[in-house]
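Structural overview for review
The residues making up each chain are set out below.
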Amino acid sequence: MRYSYRYFMETFRLTGLGVAAVTPFTPDKEIDFEALGRVLDHIMAGHADYIVVLGTTGETPALSATEKKAVREFAVARTAGRVPLVLGMGGNCTRSLVEEIRDTDLSGFSAILSVTPYYNKPSQEGIYLHFREVTMASPLPVVLYNVPGRTGTNIKASTTLRLAKEFPSVIGVKEASGDFKQIEEIINNKPDHFQVISGDDALTYPLISLGAEGVISVVGNAFPEEFGRMVRLCLEGRFNEALPIHYRFSRLYDELFVDGNPAGVKSLLNALGLIENQLRLPLVPTRLETGEEIRRLVAEICDPCVNIFCGKGSNLSAR
């Protein structure tokens, strides 16, 4: 069924702060649903605009099909319609991904986030045809995810715009290429229904100044209220007020990714007492010195919240 641009513009928007939720594990490497509940509650309490589950930050490649189903169902039940949910669904075998989309109960989700096929290194025509099949199979709007540093392949601006213009259900792109010229080309030539969002916390401030409409954030797992405030100030054009918050987080951005994602954010969430610092192989926790620096930066961020963030103190300052 072909839907109009207006239908998808009114169904779900990517504006503001989206958070790519982690998947916490117990010390024996099983999914820690109690901790996952705490994380989801914390993100909602911080007024995130939507939550992405089973994305890259959720260590989805290390989860079985049964575990992914359990996480989906838990997230839908825990959020109970209080915040829109986006489901990560990607793969490098188009046929298998299409079958997965058709076989998955997508009740409770507003869109799917689908990453560029990885390892295969398809051509731009192959990328286009892959996402055409995904779009035709999905009953939900589709958000493209371009992260060439992980996948080995970049979605060029021309391919993103081709998909955006041909398929109204392709409602946006999470751009994590770091290529400002490419992102600006998409922003300047996209159809009205299509949104460009940052896939990199550190680049959110400048990308919104170019016309991006939000972010799918990693640091938002820990600081949804504070980071979300920066995003909303930028969207309101109040960049001078947003800049101190951006600078306050700037050193933390580096530490969160120096040993890979989600190792950094799991160390951060552990420092805040929300989860165990556990990952599944082949991922491992941050180095000791990285973890210590993250803890130091957390203390530095939380202490001056009264002046930097919302004028009433961080909801983490008492942790």
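Look above for the structure.
Described in the following lines is the structure provided in the data block. (Residues numbered from 1 in each chain as written. Predicted model: local features only at pLDDT ≥ 70, side-chain atom pairs only at ≥ 80, totals over all residues. Heavy atoms only, no water.)

Overview of the overall build of the protein chain
The line we're drawing: Under the scheme used here, helices are H or I runs from DSSP no shorter than 4 residues and strands are E runs no shorter than 2 residues, and both carry numbers assigned from the N terminus. For the radius of gyration, the atoms used are the C-alpha atoms, and the globule rule reads 2.2 Å times the number of residues raised to 0.38. Throughout, a residue-residue contact means that at least one pair of heavy atoms, one from each residue, lies within 4.5 Å. We get accessible surface area from the Shrake-Rupley algorithm with a probe of 1.4 Å; when it comes to residues, only the shown protein chains can shield them. The positive count covers Lys and Arg only, the negative count covers Asp and Glu only, and His and the chain ends enter neither. Every charge is mapped to an atom, namely NZ of Lys, CZ of Arg, CG of Asp or CD of Glu.
A count of helical and extended segments in the protein chain gives 14 helices and 8 strands. A compact globule built from 319 residues should have a C-alpha radius of gyration of about 20 Å, and the protein chain, at 19 Å, falls within 12% of that. For the protein chain, the spread of C-alpha atoms along the principal axes amounts to about 50 × 45 × 35 Å. In the protein chain, the proportion of contacts linking residues at least 24 apart, taken out of those at least 6 apart, comes to 72%. Only carbon and sulfur atoms are counted for the fraction: they give 49% of the accessible area of the protein chain, which is about 13,500 Å². With 33 positive and 38 negative side-chain charges, the protein chain shows a spacing of 3 Å between the two charge centroids.

As for helix α11 (residues 239-258)
Stated precisely, the cut-off is as follows: Here the expected span of a helix is defined as 1.5 Å times the quantity of residues minus one. Two axes define the bend at a residue: one fitted to the seven residues ending there, one fitted to the seven starting there, and the bend is the angle between them. Using a 1.4 Å probe on the protein chains alone, a residue whose accessible area is under 20% of its type maximum counts as buried, one over 50% counts as exposed, and one in between counts as partly exposed.
Here α11 spans 27 Å end to end across 20 residues, near enough to the 28 Å set by a 1.5 Å rise per residue. At serine 250, α11 shows its maximal bend, which comes to roughly 40°. Taken as a whole, α11 has its buried residues at Ala242, Ile245, His246, Phe249, Leu252, Tyr253, Glu255 and Leu256. Looking at the residues trailing α11, positive phi occurs at glycine 260, about 95°.

Concerning the pairing of strand β5 (residues 142-146)
If a strand is regular, its side chains alternate between the two faces of the sheet. Heads up, the rule is: Seen with its strands pointing away from the viewer, a crossover is right-handed if its path from the first strand over the helix to the second goes clockwise. At least two DSSP bridges between two strands are needed for those strands to be called paired.
Burial runs high along β5: 5 of the 5 residues are buried. Burial along β5 is two-sided: the face carrying Val142, Leu144 and Asn146 and the face carrying Val143 and Tyr145 are both buried. Between the parallel pair strand β4 (residues 111-115) and β5, the chain is carried across by helix α5 (residues 124-137), and the sense of this crossover is right-handed. Note: β5 against strand β6 (residues 170-175), 5 bridges, orientation parallel. The residue bridging valine 142 from the neighbouring strand is valine 170, located in β6.

Structural notes on the packing of α11 against helix α13 (residues 288-302)
Worth spelling out the cut-off: Whenever a helix is involved, its axis is fitted only over the stretch in contact; in every case the axis is a line through C-alpha atoms, and angles between N-to-C directions fall within 0 to 180 degrees. Comment on the angle field: the value is read as roughly parallel under 35 degrees, roughly antiparallel over 145, roughly perpendicular from 65 to 115, and oblique elsewhere. Two helices that cross are described as forming a left-handed crossing if the nearer one is turned anticlockwise from the farther one by less than a right angle, and a right-handed crossing if clockwise. Under the convention adopted here, Pro, Cys and the residues Ala, Val, Leu, Ile, Met, Phe, Trp and Tyr are nonpolar, Asp, Glu, Lys and Arg are charged, and Gly plus all remaining residues are polar.
Look at α11 against α13: their axes get within 10 Å of each other, and the N-to-C directions meet at 160°. Between α11 and α13, the interaxial angle falls into the category roughly antiparallel. As α11 runs across α13, the sense of the crossing is left-handed. Counting all contacts with α11, which are made through Arg248, Phe249, Arg251, Leu252, Glu255, Leu256 and Val258, the residues of α13 involved are Thr290, Glu293, Ile294, Arg296, Leu297, Glu300 and Ile301. Tallied by class, the residues present in the contact of α11 with α13 amount to 7 nonpolar, 1 polar and 6 charged.

Brief notes about the pattern of salt bridges
To be explicit about the condition: Salt bridge, as used here, is a side-chain nitrogen of Lys or Arg placed within 4 Å of a carboxyl oxygen of Asp or Glu.
Counted by the stated rule, this structure contains 19 salt bridges. A salt bridge links aspartate 49 to arginine 232, with the shortest nitrogen-to-oxygen separation between them at 3.1 Å. Highlighted residues: aspartate 49 in the loop between α2 (33-45) and β2 (50-53) and arginine 232 in helix α10 (residues 224-235), separated in sequence by 183 residues. Judged by relative accessible area, aspartate 49 falls into the partly exposed class, the value being 29%. A salt bridge links arginine 296 to glutamate 293, with the nearest nitrogen and oxygen atoms 2.7 Å apart.

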